[in-house]
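A closer look at the structure
Given next are the chains, with one letter for each unit.
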Amino acid sequence: MGNDAHTPDAAASVDFEQVQSTGQFQELRKRHRSFVFPMAVAFLLWYFAYVLLADYAVDFMSTKVWGNINIGLILGLLQFVSTFAITGWYVHYSNKRLDPIATEIRHGIEGHEFDKHGNRVGGANK
């Protein structure tokens, strides 16, 4: 029952439809979609190709490469490798191309200045 109970919610006073119509937000959405949609399609194609090969190309997938290692096992492990690679690529892309715009939008909405760690400058954090 302190003073915090009467503090207005910053998000309650924001017109989010207006924010979504800004050029900054449109650019953020465009950049996000230009990465996520093609990457999702590429990964799904790669995944379904693996599943279809495992189901319909058994002879090919069971081809021995070295010892008990066959093509199916290698392609299966590459599914994990590609998942981690795509995740790393997205994190890098987001840090460089999405986060700066999102930070500017957030600063405009909240009306506060923040340091590079997201901590409020010139006042105490809530």
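Residues numbered from 1 in each chain as written. Predicted model: local features only at pLDDT ≥ 70, side-chain atom pairs only at ≥ 80, totals over all residues. Heavy atoms only, no water.

Thoughts on the nonpolar core
For clarity, the threshold we go by: Residues enter a nonpolar core if they are buried and are Ala, Val, Leu, Ile, Met, Phe, Trp, Tyr or Cys, with the set joined through side-chain atoms within 4.5 Å. The rule is simple: take the accessible area with a 1.4 Å probe, protein chains only, and divide by the maximum for that residue type; under 20% is buried, over 50% is exposed, in between is partly exposed. Each helix is a run of DSSP H or I of at least 4 residues and each strand a run of E of at least 2, with the numbering of both proceeding from the N terminus. We call two residues in contact whenever any of their non-hydrogen atoms come within 4.5 Å of each other.
Within the largest apolar cluster, nine residues are counted, these being Val-14, Val-19, Leu-28, Phe-35, Met-39, Tyr-93, Leu-98, Ile-101 and Ile-105. Among the secondary structure elements, those contributing two or more residues to this core are helix 2 (23–56) and helix 4 (71–110). Looking at this core element by element, the count peaks at four residues for helix 4. Leaving out residues up to four positions away in the same chain, Ile-105 has contacts with Val-19, Gln-24, Phe-25 and Leu-28.

Notes on the UniProt feature "transmembrane region" (unreviewed entry) in the protein
We count it as follows: UniProt positions are given in the numbering used here, feature names are shortened, and annotations may be inferred rather than shown by experiment.
According to UniProt, the positions carrying the feature "transmembrane region" (unreviewed entry) are residues 35–53 and 65–91. Helix makes up 100% of residues 35–53 and strand 0%. Its end C-alpha atoms lie 27 Å apart. Secondary structure across residues 65–91 comprises 78% helix and 15% strand; the distance between its end C-alpha atoms is 34 Å.

Describing the environment of Leu-75
Tracing the chain through its elements places Leu-75 in helix 4. Sequence separation between Leu-75 and Leu-53 is 22 residues; the distance between their C-alpha atoms is 9.9 Å. Those residues within four positions of Leu-75 in sequence are excluded, and the remaining contacts are Trp-46, Tyr-50, Leu-53 and Met-61.

Here we look at the pattern of salt bridges
Note the threshold: For this analysis, a salt bridge means a side-chain nitrogen from Lys or Arg found within 4 Å of a carboxyl oxygen belonging to Asp or Glu.
Counting across every chain of the model gives two salt bridges. Across the pair Glu-27 and Arg-31 runs a salt bridge, and its minimum N-O distance is 2.8 Å. One end of the pair, Glu-27, and the other, Arg-31, are both in helix 2, four residues apart, so they sit about a helical turn from each other.

Brief notes about helix 2
Our working definition: In this analysis, the expected span of each helix is defined as 1.5 Å times one less than the number of residues it contains.
Here helix 2 spans 49 Å end to end across 34 residues, near enough to the 50 Å set by a 1.5 Å rise per residue. Buried residues of helix 2: Leu-28, Phe-35 and Met-39, and no others.

Quick notes on the packing of aromatic side chains
We count it as follows: Pairing of aromatic side chains here covers Phe, Tyr and the six-membered ring of Trp, requires ring centres within 6.5 Å, and sorts the geometry by plane angle: under 30 degrees stacked, over 60 edge-to-face, intermediate tilted.
Throughout the structure, instances matching the rule amount to four aromatic pairs. Aromatic side chains Phe-35 and Trp-89 sit 5.4 Å apart centroid to centroid with 85° between the ring planes, which places their arrangement in the edge-to-face category. Residue Phe-35 is located in helix 2, and its partner Trp-89 is located in helix 4; the two are separated by 54 residues in the primary sequence. On the basis of relative accessible area, Trp-89 is assigned to the partly exposed category, the value being 47%. For the pair Phe-35 and Tyr-93, a centre-to-centre distance of 4.7 Å together with 20° between the ring planes defines the contact as stacked. Linking Phe-35 in helix 2 with Tyr-93 in helix 4, this pair joins segments that are 58 residues apart in sequence. Given a relative accessible area of 9%, Phe-35 falls into the buried group. The structure contains a cluster of three or more aromatic residues connected by ring pairs, namely Phe-35, Trp-89, Tyr-90 and Tyr-93.

As for a nonpolar patch on the surface
Stated formally: A patch consists of residues exposed above 30% relative accessible area that lack any salt bridge, with like charges linked at up to 9 Å and nonpolar side chains (Val, Leu, Ile, Met, Phe, Trp, Tyr) linked at up to 5 Å. Where accessible areas are quoted, they stem from the Shrake-Rupley method and a 1.4 Å probe; at the residue level, only the protein chains shown are allowed to cover.
Among the surface-exposed residues, Leu-44, Tyr-47, Phe-48, Val-51, Leu-52 and Tyr-56 lie close enough to one another that they form a single nonpolar patch of about 630 Å² accessible area. Of note, Leu-44 is situated in helix 2. What makes Leu-44 partly exposed here is its relative accessible area of 43%.

Some points on the packing of helix 2 against helix 4
Stated formally: With axes taken as lines fitted to C-alpha atoms, and helix axes fitted only over the stretch in contact, angles between N-to-C directions fall between 0 and 180 degrees. Orientation categories follow fixed angle ranges, with anything under 35 degrees roughly parallel, anything over 145 roughly antiparallel, 65 to 115 roughly perpendicular, and all other angles oblique. Residues were grouped as follows: Ala, Val, Leu, Ile, Met, Phe, Trp, Tyr, Cys and Pro as nonpolar; Asp, Glu, Lys and Arg as charged; and all remaining residues, including Gly, as polar.
Where helix 2 meets helix 4, the closest approach of the two axes is 10 Å, and the angle between their N-to-C directions is 175°. Here helix 2 is positioned roughly antiparallel relative to helix 4, judged by the angle of their axes. For the contact of helix 2 with helix 4, the residue count by class is 20 nonpolar, eight polar and four charged.

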